[in-house]
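Secondary and tertiary structure notes
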Amino acid sequence: MHRDAIVIYMPDHGEMCFDGSKTFGRTLEVNTPNEVYQQFEIPFWIWTSPILRKNHPDIVQQIIKAKDRPFMTDNISQLLLYLADISTPYYREEDNLISPCYNIGRKRMLMGTIPYDEYLHKK
């Protein structure tokens, strides 16, 4: 690849399959932390071309630093606006995953009422 390029992969949902589930697919029911994890944790990766890595090492470092941050798909637009260098009054730096100002403490809610991270780690 001879151009600056970034590819982002992020599906819109997970699937229950194997891993102890008695159900396959999605039920959107909140029965056990394992079922919630399988349905709502999704793969998310960012690939950068060699030219982009050479021309924009700062962006690559921001991506690497953000690797383990909690994230919700509703903020993907903020990341895309930043990466595409689009200026708009709708951009919120605190919602951009790779920004140093990213709000890592934003509460992730499941179905609007259940604190996601607390539910996943309940005993």
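Below is a summary of the structure that appears in this document. (Residues numbered from 1 in each chain as written. Predicted model: local features only at pLDDT ≥ 70, side-chain atom pairs only at ≥ 80, totals over all residues. Heavy atoms only, no water.)

1. A few points about the nonpolar core
The tendency in soluble globular proteins is for nonpolar side chains to be buried as a group. We apply this condition: Among buried residues, the Ala, Val, Leu, Ile, Met, Phe, Trp, Tyr and Cys ones that are joined through side-chain atoms within 4.5 Å form a nonpolar core. Throughout, exposure labels follow a simple rule: accessible area from a 1.4 Å probe, protein chains only, divided by the maximum for the residue type, with under 20% read as buried, over 50% as exposed, and the rest as partly exposed. The helix count covers DSSP runs of H or I at least four residues long, the strand count covers runs of E at least two residues long, and both are numbered beginning at the N terminus. Contacts were defined at the residue level, with two residues in contact if any of their heavy atoms lie within 4.5 Å.
In terms of nonpolar packing, the biggest core is built from 10 residues, these being Ile 59, Ile 63, Ala 66, Phe 71, Ile 76, Leu 79, Leu 83, Leu 97, Ile 98 and Tyr 102. Of all the elements in the fold, those that place two or more residues in this core are helix 3 (57–65) and helix 4 (76–83). It is helix 4 that contributes the most residues to this core, three residues altogether. Residues within four places of Ala 66 in sequence aside, it is in contact with Leu 97 and Ile 98. Grouped together as the second largest cluster of nonpolar side chains are five residues, Val 36, Leu 110, Tyr 116 and Leu 120 included.

2. Focus: unusual backbone geometry
Phi is positive for Asp 85, close to 55°, though the residue is something other than glycine. Along the chain, Asp 85 turns up in the loop between helix 4 and strand 3 (109–110).

3. Some thoughts on the side chain of Thr 48
Tracing the sequence through the fold places Thr 48 in strand 2 (residues 45–48). What Thr 48 contacts, discounting residues up to four positions off in sequence, is Ala 5, Ile 6, Arg 53, Val 60 and Ile 63.

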